[in-house]
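Next come the chains, spelled out residue by residue.
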Amino acid sequence: MSKKPIILGIESSCDETAVALISENKEGRPEILSNIVSSQVDIHKEFGGVVPELAARSHIEKIDLIAKKALDESGINLNDVDAVATTAGPGLIVCLSVGLNFGKAIAASIKKPFIAVNHLEGHALSPKLNSKVKYPYLLLLISGGHTQFLSVEGLGKYKRLGTTIDDAAGEAFDKTAKLLGIEFPGGPQIEVLAKKGDPTKFDLPKPIINKGGCNLSFAGLKTAILRITKNIKNEKDKYDLAASFQKTMEEILYKKSKVAFHKFNNIHLDKDKTFVVAGGVAANKKIREILTKLCEEENFEAIFPPINLCGDNAAMIALTGLEKFKQNQFDDLDFPAKPRWQLDESAAFLKGAGIKI
Ligand code: KG4
Ligand code: ZN
């Protein structure tokens, strides 16, 4: 039997320095050999958001140590790696450049192919790390930098059905958390506080919810939260606002996903339909629940990545590298960092569709 390919994946697009090694098992399913993620949360906390210069500096300081740790943990010798896959965009250019130069240098030194990966494609394929997912499928990508519905037709083949026209869903979670005085990144904390509050207490806007199509908007929500927080008197109000926000996000995503389902059904007439939800916000359990319910109502199979692989990691980058490797899709060593890199390059550029800031 021929040797299974081993791919080294590198991710540094924002505030996580990550390296992973991936291969395949006997059945041809992806197998994670190691997956190291080093978060910079402690560095950016005091600024309330990611500071690009500090993020890049930390990537430079850590990336070789993280790579060594990933190799050690996998038990793989660097010379046995068959290709190096690295995030080339979208993201912060100073951060992308660190991982990209590191990945290219390794590929050149071991004389193995280099593969440039779109970070969003990593999220899009991430559910394949624990589930069988067949093309085509409908994808809701919800993270800190992007929120969009895509019809995933195959590797590298994406058709955007809808996108946020302003903030990303994760950004809305983080900004709400900040207004409630929760430390950055507060998104996951909102989910925790929401459990203690009354979700019917505050009636928050759902921008463009009744407008046709499945574009989304979250900026108005943030303005409403800002107004309400000025009158917050006690902890109870804080919990109620977190719960009302969480509920509103669920309702927006439920309604817009339903529209996306119908759009997807009009393009794909096959019977078996799959809905994949990926990206950092896909870790939110209540959002998982409501979207699973929608799938039951609409006859879609709901698939989510494991919670620990919803946020940024290099396993998803190595996995995308593995798929590209199997199709002989390699890149030159002069492949540039692409701070703006949309999955559907034919779609009009909108902030939330291919940029991470
Ligand atoms: O995918 P990701 O790690 O980075 C980007 O590519 O943007 O997503 C990070 C985002 C942050 O905005 C974070 O607050 C949000 O995902 N997030 C959550 C939860 N866990 C992470 N938002 C809501 N509920 C959660 N449990
Ligand atoms: Zn991401």
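Everything quoted here is computed from the prediction, not taken from an experiment.

1. A look at the site of ligand 1
Piece 1. Around ligand 1 there are 21 residues in total, and G144, D174, E191, N284 and D312 lie nearest to it.
Piece 2. Contact distances for ligand 1 include 2.8 Å between a nitrogen atom and a side-chain N or O atom of E191.
Piece 3. Between ligand 1 and the protein, one listed contact pairs an oxygen atom with a backbone N or O atom of G280 at 3.0 Å.
Piece 4. Within the complex, 88% of the 560 Å² of free accessible area of ligand 1 lies under protein.
Piece 5. Counting only elements with at least two residues in the shell around ligand 1, the list comes to α4 (119-125), α5 (169-179) and α6 (187-194).
Piece 6. Counting contributing residues, the shell around ligand 1 receives three or more from each of domain 1 (7-127 + 309-339) and domain 2 (134-304).

2. Regarding the coordination of the zinc ion (ligand 2)
Piece 1. Only H119 (NE2), H123 (NE2) and D312 (OD) from the protein coordinate the zinc ion (ligand 2), and they sit 2.0 to 2.1 Å from it.
Piece 2. Coordination geometry of the zinc ion (ligand 2): the 4 donor atoms subtend angles of 95 to 132° at the metal centre, consistent with an arrangement described as tetrahedral.
Piece 3. Along the chain, the residues donating to the zinc ion (ligand 2) fall in the pattern H-x3-H-x188-D. Of this pair, H123 sits in helix α4 while D312 sits in the loop between β10 (300-303) and α10 (315-326); the two residues are 189 residues apart in sequence, bridging distant segments of the chain.
Piece 4. Using a relative accessible area of 1% as the deciding quantity, one classes H123 as buried.

3. What about helix α8 (residues 235-267)?
The periodicity of an α-helix, 3.6 residues per turn, causes residues three or four positions apart to be oriented the same way.
Piece 1. When the terminal C-alpha atoms of α8 are compared, their 48 Å separation across 33 residues agrees well with the 48 Å that a helix rising 1.5 Å per residue should span.
Piece 2. With a side-chain oxygen positioned 3.2 Å from the backbone nitrogen of K236, the residue opening α8 is N234.

4. Description of the pattern of salt bridges
Piece 1. Applying the stated criterion across every chain, the model contains 18 salt bridges.
Piece 2. Its salt-bridge partner being K201, residue D237 comes within 3.3 Å of it at the nearest N-O pair. On the criterion of sequence distance, the pair formed by D237 in helix α8 and K201 in the loop between α6 and α7 (219-229) is long-range, its members being 36 residues apart.
Piece 3. A relative accessible area of 12% places D237 in the buried class.
Piece 4. Note on K201: relative accessible area 39%, which makes it partly exposed.
Piece 5. Three or more residues joined by partner-sharing salt bridges are found here, namely D167, E171, K175 and K222.

The rules behind each value
Residues numbered from 1 in each chain as written. Chains lettered and ligands numbered in written order. Predicted model: local features only at pLDDT ≥ 70, side-chain atom pairs only at ≥ 80, totals over all residues. Heavy atoms only, no water. Near = heavy atom within 4 Å. Polar contact = N/O pair within 3.5 Å; in protein donor to acceptor, adjacent residues only side chain to side chain. Areas by Shrake-Rupley, 256 points an atom, 1.4 Å probe, with all protein chains shown as cover. Helix = DSSP H or I, 4+ residues; strand = E, 2+ residues; numbered from the N terminus. Domains from an automatic or database assignment. Donors = N, O, S within 2.8 Å, 3.2 Å for Na, K, Ca; no water. Tetrahedral: all angles 85-135°; square planar, octahedral: opposite > 155°, others 65-115°. Buried < 20%, exposed > 50% of the residue type's maximum accessible area, 1.4 Å probe, protein only. Expected span 1.5 Å × (residues − 1). Salt bridge = Lys/Arg side-chain N within 4 Å of Asp/Glu carboxyl O.

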